[in-house]
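What the coordinates show
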Amino acid sequence: MLETIGAPRDLRDLDERQLADLAGEIREFLIENVSRTGGHLGPNLGVVELTMAIHRVFDSPREPVIFDTGHQSYVHKLLTGRATGFERLRRRGGISGYPSRAESEHDFVENSHASTALSYADGLAKAHALRGEEGHVVAVVGDGALTGGMAWEALNNIAAGQDRRLVIVVNDNGRSYLPTVGGLAEHLNSLRTDPRYEKVLELIKSRLSRAPVVGAPTYEVLHGLKKGLKDVMAPQGLFEDLGLKYVGPVDGHDLQAVEHALRQAKHFGGPVIVHCLTRKGYGYDAAECEEKDQMHQVKPRSSETGTGASGPAPGWTQVFRDELVAIGEERPDVVAITAAMIHPTGLDAFAERFPERAFDVGIAEQHATTSAAGLAMGGMHPVVAIYSTFLNRAFDQLLLDVALHGCGVTFVLDRAGVTGEDGPSHNGMWDLSILQVVPGLRIAVPRDGTRLRELLREAVAVEDGPTAVRFPKGPVAADVPAMDQVDGVDVLVRSGDRDVLVVAIGAMAQPCLEVAERLVAQGIGVTVVDPRWVKPVAPALVDLARGHRLVVSVEDSGRIGGCGSVLAQTLRDADVDTPVRVHGIPQRFLDHAKRDEILADIGLTGQHLARNVVEDIARLDNEDALHDVPLERGHETA
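Here is a short report on the structure shown in this document. Counting restarts for each chain: residues are numbered from 1 in the order of the written sequence. Per-residue local features are limited, in this predicted model, to residues with pLDDT of at least 70; the limit for side-chain atom pairs, both in listing and counting, is 80 or more; totals at the level of whole chains, interfaces and linings are taken over all residues. With hydrogens and water excluded, all non-hydrogen atoms of the structure serve as input to the side-chain values.

Moving on to the overall build of the chain. Strands are runs of DSSP state E lasting at least two residues, helices are runs of H or I lasting at least four, and both sets are numbered from the N terminus onward. The number of helices and strands found in the chain is 24 helices and 18 strands. For every residue, the accessible area obtained with a 1.4 Å probe (protein chains only) is divided by the maximum for its type, and the residue is called buried under 20%, exposed over 50%, and partly exposed between those limits. Buried residues in the chain amount to 58% of all 638 residues. Contact definition: two residues touch when any of their heavy atoms are within 4.5 Å. For the chain, contacts bridging at least 24 residues in sequence account for 77% of all contacts bridging at least 6. With residues, only the protein chains shown are counted as cover, and all accessible areas are computed by Shrake-Rupley using a 1.4 Å probe. Total accessible area on the chain is roughly 26,000 Å²; 51% of this is exposed by carbon and sulfur atoms.

With that out of the way, let us pick up empty space enclosed by the protein. Grid points spaced at 1 Å over the protein atoms alone were grouped into cavities, where a 1.4 Å probe fits but cannot get out, and pockets, open sets with protein on both sides within 12 Å along at least five of seven lines, with lining residues defined by an atom within 4 Å of a point. Grid points are joined across faces, edges and corners, and a volume is the space filled by probe spheres set on the points. Using the criterion set out here, one finds six cavities of 30 Å³ or more in the structure. A volume near 80 Å³ is recorded for the second largest cavity. In this structure, the second largest cavity is lined by Val503, Ile505, Pro531, Val534, Val537, Leu541, Ser553, Cys563, Gly564 and Leu567. It is helix α22 (residues 563-573) that contributes the most residues to the lining of the second largest cavity, three residues altogether. Residues are sorted three ways: Asp, Glu, Lys and Arg are charged, Ala, Val, Leu, Ile, Met, Phe, Trp, Tyr, Cys and Pro are nonpolar, and all the rest, Gly among them, are polar. Split by residue class, the lining of the second largest cavity holds eight nonpolar, two polar and no charged.

A few words now on the pattern of salt bridges. Any carboxyl oxygen of Asp or Glu that lies within 4 Å of a side-chain nitrogen of Lys or Arg is treated as forming a salt bridge with it. All chains considered together, the criterion is met by 44 salt bridges. Salt-bridge contacts for Glu63 lead to Arg62; the nearest nitrogen and oxygen are separated by 4.0 Å. On the basis of relative accessible area, Glu63 is assigned to the buried category, the value being 1%. A salt bridge links Arg595 to Asp556; the shortest N-O distance between them is 2.9 Å. Taken as a pair, Arg595 in helix α23 (residues 595-601) and Asp556 in strand β17 (residues 550-558) lie far apart in primary sequence, 39 residues in all.

This brings us to the packing of aromatic side chains. Here a Phe, Tyr or Trp ring, Trp counted by its six-membered ring, pairs with any other such ring whose centre lies within 6.5 Å, and the pair is stacked when the planes are under 30 degrees apart, edge-to-face when over 60, and tilted otherwise. All chains considered together, the criterion is met by five aromatic pairs. Note on Tyr387 and Phe390: the rings are 5.7 Å apart at their centroids and 5° apart in plane angle, and the pair reads as stacked. The residues Tyr387 and Phe390 share a single accessibility class, namely buried. An aromatic cluster of three or more residues is present, and its members are Trp316, Phe320 and Phe471.

Right under this line is the structure:
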């Protein structure tokens, strides 16, 4: 059946048996392919019937469908003609793990940061109304996205436009990575677990089974069997108190029930919420039985057993995970905060050991940051563990709620720099640029596991202002010991004359060591240093730069406003005229590929860097030679 689906319209002529067969094929396809490539498996197994129903009822792309977050869009991709790209999912040349405007007209936004779809949908619905265009906008909100404050800001505005054709499908699986937290989550969970809920679903199903597919079952059935019963099931009329029409709850794995609910919502004409209850990993025992996260995101593994092909190499997150627990044992004032990512950020061990000192605030980075400021004001030292790319969402809070008040908060930025397979929105390439402007913030960038442990301890010892420790995705390379230290700056290599000073930022120490080997082989003197703390700029770097012919900075972050840029400005301010070459990530959105592939593309490899340095030294030699040659009569200098 799947091979016959080239566009959503192909679904509309299928009968009930064919639709059931197609749903089964889609699950088999996802299990087989995503298990091989890696990706978001559990969330997509839970939205098969839901997505099929949406595409049977609404006319994409004329009626936009927006997923929040976008990792729930694999079924959508299959139903819009992209099954052939799944063998290279999240790999160079293959399809993205998120919606991609470059892939299909059916993808409207490339959203992988949560809680945004309702704002997109609000704007699109307003635009349709202003332009006199028919059709609806559909926002599929799930995997904890409703725990983000931006979603509720959007709902408040959506409710004010009662004539806008907007259908909000709440994919309520009770989870983001882990069981969703917070008051809203508990409210929805109480509905899911109420024994009366099963009776309601069965009654709805029996009533719908007696109605023709094209017919209209009584609206009261889909509307919760009259307002009174819905008030029993959902005591505070959660969504209707906002002024939004509510349909549900609906069994999200019952295609017919979901389709009828969507048709009723579509006919209403204004903003409607359709509440669908689903199970993450549905139809795959290995996923449904996995307690941690129902195979939210899997590495390549066997689809038959659900087990990984090989154990993961020790990673940066694991080093942080273990060290934070050790710090927690020593310091009862240290607390941990994350935004719906206890396991991915390595806080699970701390939360298990000190449950009263670990706080998962849901997908709410802004709240996490200001709450951390409050904890610091109350005498605690918060460690906020977050992906580098998600810190962008909390910049205002970091600047004005934490730094302005001199709060001792440590931000641990995982997945910094190039992350690769998850595409442009997940690369943590902005942090070293945006954080440079924050007064009083100190930034540490460890080059290896030992330095991560040291710098984390140094960071949490700072109580008069915020600190940040950032590290990349993936395994940790072997430790790189320092041969010397100059006022806190580690010297990794010192060979020959003082031709080139290479400033290696964090994990870029590894390619910089290769640069040093290549330069030494060509008779060029080189010093490689790791500043460890990159903000503020260490005075020792200024002195070292003054004594070399060329300074080369290498960082796994954006070139503009990053460490190299700030170093060059600092040298100018100190009247040091040594030329500086800044190597980093170009300020553009990078396509998905493996981290090593992207680093090679943008020139952050030892071979490429060494070639550039050799060329720079050759130019300096030529300039020196030109200045040393006496002028002949009639010649002028430029």
